[in-house]
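# Structural features, examined
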Amino acid sequence: MVYLLIIMVLGLLFFLPIKGKFKLIKETPKTRISERNIMFSRSEITRRTELQEQYYKDFPEHKDLDEVWQKKAGLGAKESQFYAPLSFKASEASFHTIEFLRPIVNGAVNPIPEEISAEKLTEFVLNWGKKLGAISVGICDLKKEHLYTERGRGEAYGKKVENNHRFGIAFTVEMDEEYLSTGPAGPTLMESAYQYLNSGVISIQIAEFLRRMGFESRAHIDGDYELIAPLVARDAGLGELGRMGLLMTPELGPRVRIGVITTNAPLIISERKPDYSVHQFCNWCMKCAVVCPSQAIPKTPIEELDGAQRWKINHEKCFGYWCTSGTDCGRCMSVCPYAHKNNGLHNFVRWGIRNNVFFRYVAVHLDDVFYGKKPKPKKVPDWLEG
Ligand code: SF4
Ligand code: SF4
């Protein structure tokens, strides 16, 4: 009888919806970002000397920091630590294919729009996105703070971003757990490249469909973004931004790639229900920061930076490691307790973390018990070796 009582009390304590009081008050940074400052842009201009000279005149504070990673082998390089022809060449094949998609992110709009209600079109886009392979799809109002101030990649380098679309449609696709768990070995780069391609194809299909329906639309794909995809995805209700600065989704944690389409089509925005349990969990859990080979992820509690409560990783350190490993590493993503396989048990744990503050606290520690405080990368599957 006593045991039964104890079990009932514990059951109530851990399973009742007791969310806890933790809450973020400020989520929008004061300053908008120039794409010229992101690491991919700074890496790209090493091959465009005239742009590089101007960049370090405009941002002299980045010169010494960039000289550190510029001396290393480089992302995808043959001389890098984890170079392996199969996975590296497979990733090159995916990135090469993406180049053919960039000219079609935009296109002609049907001059005679189809008559359709916002309800019907929204229902179609949300459902078709999932049929095309997305795990989750959402819509938000497109805001200035979602957009870069200026472009930093390719032909558009230095151009002011002028996107007056009303809505952002964001979706996520899954990054394969088996490939990612080998990170920083080659399969993680192979999977990243493939999911950039996969999300790019879905974005382009949806944007093209909306233009054929008669509404201006643009796909935002790898190497051709006008916006910060995780911010759009968060505001479209797809997740929250965690310690590593990535979108943490309820389904797969950070183990996703994000695709975005902006449009003037009549749509209904998805209701965002902020889930601050993620930030509280990240405050207690530091697994990504502990395993990060470059110590790029902060170990501090969430703090206010430029007007928003968040964590900010050290991008130069992270990218510096990528230039040593040759891959985009992904250790942080693969060890995250939210990123475990999408099955009944893990989904139950993810639900418990959202639902109950005591469950949340215990789950942080149980993850260490079951998966280790510092999980090791898994072995590369035989067929991918070499
Ligand atoms: S590993 Fe832990 S701290 Fe890092 S993002 Fe995942 S839950 Fe948050
Ligand atoms: S990708 Fe690797 S180096 Fe970069 S933050 Fe994650 S664990 Fe650290």
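Okay, so let's go over this structure. The residue count restarts for each chain, going from 1 along the sequence in the order it is written. Written order determines the labels here, with chains lettered from A and ligands numbered from 1. At least 70 in pLDDT is required for a residue's local features to be given in this predicted model, at least 80 for side-chain atom pairs to be given and counted, and no such filter applies to totals for whole chains, interfaces and linings, which use all residues. Side-chain numbers come from the whole structure's heavy atoms, not from hydrogens or water.

## Examining the site of ligand 1
Residues are counted as near a molecule or strand when any one of their heavy atoms sits within 4 Å of it. All residues adjacent to ligand 1 are Arg243, Met244, Met248, Phe281, Cys282, Cys285, Lys287, Cys288, Cys336, Pro337 and Tyr338. Lining residues are those with an atom within 4 Å of a point, where the points come from a 1 Å grid over the protein atoms alone and group into cavities, where a 1.4 Å probe fits but cannot get out, or pockets, open sets with protein on both sides within 12 Å along at least five of seven lines. To be counted as sitting in a cavity or pocket, a molecule needs more than half of its atoms within 2 Å of that site's grid points. Among the detected pockets, ligand 1 sits in the largest cavity. Elements supplying a minimum of two residues to the shell around ligand 1: α10 (277-284) and α11 (287-291). Residue classes follow a fixed rule: Ala, Val, Leu, Ile, Met, Phe, Trp, Tyr, Cys and Pro count as nonpolar, while Asp, Glu, Lys and Arg count as charged, and any other residue, Gly among them, counts as polar. Looking at the shell around ligand 1 residue by residue, the classes come out as 9 nonpolar, no polar and 2 charged. Strands are runs of DSSP state E lasting at least 2 residues, helices are runs of H or I lasting at least 4, and numbering of each runs from the N terminus.

## Examining the site of ligand 2
Taken together, the residues surrounding ligand 2 are Cys292, Pro293, Ser294, Ile297, Cys318, Trp322, Asp328, Cys329, Gly330, Arg331 and Cys332. Among the elements of the structure, α12 (315-325) and α13 (331-335) are those that each provide at least two residues to the shell around ligand 2. Among the residues forming the shell around ligand 2, the class breakdown is 7 nonpolar, 2 polar and 2 charged.

## Side note on the side chain of Ser294
Its location among the elements puts Ser294 in the loop between α11 and β7 (303-305). Taking the relative accessible area as the measure of exposure, Ser294 reaches 16% and is therefore buried. Note on contacts: a residue pair is in contact if any heavy atoms of the two residues lie within 4.5 Å. Discounting chain neighbours no more than four positions away, the residues touching Ser294 are Lys317, Cys318 and Tyr321. Three exposure classes are used, based on accessible area relative to the maximum for each residue type with a 1.4 Å probe and protein chains only: buried under 20%, partly exposed in between, and exposed over 50%.

## Here we look at the pattern of salt bridges
Salt bridges are counted wherever a side-chain nitrogen of Lys or Arg sits within 4 Å of a carboxyl oxygen of Asp or Glu. Summed over the entire model, instances satisfying the criterion amount to 29 salt bridges. A salt bridge links Arg234 to Asp235; its shortest N-O distance comes to 3.0 Å. Given the relative accessible area of 12%, Asp235 is considered buried. Connected through shared salt-bridge partners, Glu35, Arg151, Arg218, Asp224 and Glu226 make up one network.

## A short note on the environment of Gly138
With respect to the element layout, Gly138 can be found in strand β1 (residues 136-141). By relative accessible area, Gly138 is classed as buried at 0%. Sequence separation between Gly138 and Arg310 is 172 residues, and the spatial gap between their C-alpha atoms is 22 Å. In this structure, Gly138 is in contact with Leu126, Gly168, Ile169, Ala170, Ala236, Leu238 and Ser270, ignoring residues within four places of it in sequence.

## Some words on the packing of helix α3 (residues 49-58) against helix α4 (residues 63-70)
For the pair α3 and α4, interaxial distance at closest approach is 10 Å and the crossing angle is 140°. Between α3 and α4, the angle falls in the class oblique. Contacts from Gln52, Tyr55 and Tyr56 of α3 reach α4 at Lys63, Asp66 and Gln70. Within the contact of α3 with α4, the residues separate by chemical class into 2 nonpolar, 2 polar and 2 charged. Angles shown run from 0 to 180 degrees and are taken between the N-to-C directions of axes, each axis being a line fitted to C-alpha atoms and, for helices, limited to the stretch in contact. An angle below 35 degrees is read as roughly parallel, one above 145 as roughly antiparallel, one from 65 to 115 as roughly perpendicular, and any other as oblique.

## Section: empty space enclosed by the protein
Grid points are joined across faces, edges and corners, and a volume is the space filled by probe spheres set on the points. All told, the structure shown has 1 cavity of 30 Å³ or more when counted by the stated rule. Here the largest cavity is characterised by a volume of approximately 80 Å³. In terms of lining residues, the largest cavity is bounded by Gly242, Arg243, Met244, Met248, Phe281, Cys282, Cys285, Lys287, Cys288, Cys336, Pro337 and Tyr338. Breaking the lining of the largest cavity down by element, the ones donating at least two residues are α10 and α11. Residues belonging to the lining of the largest cavity are distributed by class as follows: 9 nonpolar, 1 polar and 2 charged.

## Here's the deal with the nonpolar core
Definition of nonpolar core: a set of buried residues of the types Ala, Val, Leu, Ile, Met, Phe, Trp, Tyr and Cys, connected through side-chain atoms within 4.5 Å. If you look at the biggest cluster of nonpolar residues, it comprises 46 residues, and the most contacted ones within it are Leu121, Ile169, Leu210 and Leu267. Per-element tally for this core: the top contributor is helix α8 (residues 186-212), with 8 residues. When residues no more than four places from it in sequence are discounted, the contact partners of Leu121 are Ile116, Phe209, Leu210, Met213, Phe215, Ala265, Pro266 and Leu267.

## Description of the side chain of Thr249
On the secondary structure map, Thr249 appears in the loop between β5 (247-248) and β6 (256-263). From its side chain, Thr249 meets the backbone nitrogen of Leu252 in a polar contact 3.1 Å long. If near-sequence neighbours (up to four positions away) are discounted, Thr249 is found in contact with Thr172, Leu238, Gly239, Pro254 and Val256. Side-chain atoms alone can form a polar contact between residues adjacent in sequence; in general such a contact is a pair of N or O atoms within 3.5 Å, and within protein one must be able to donate a hydrogen while the other accepts it.

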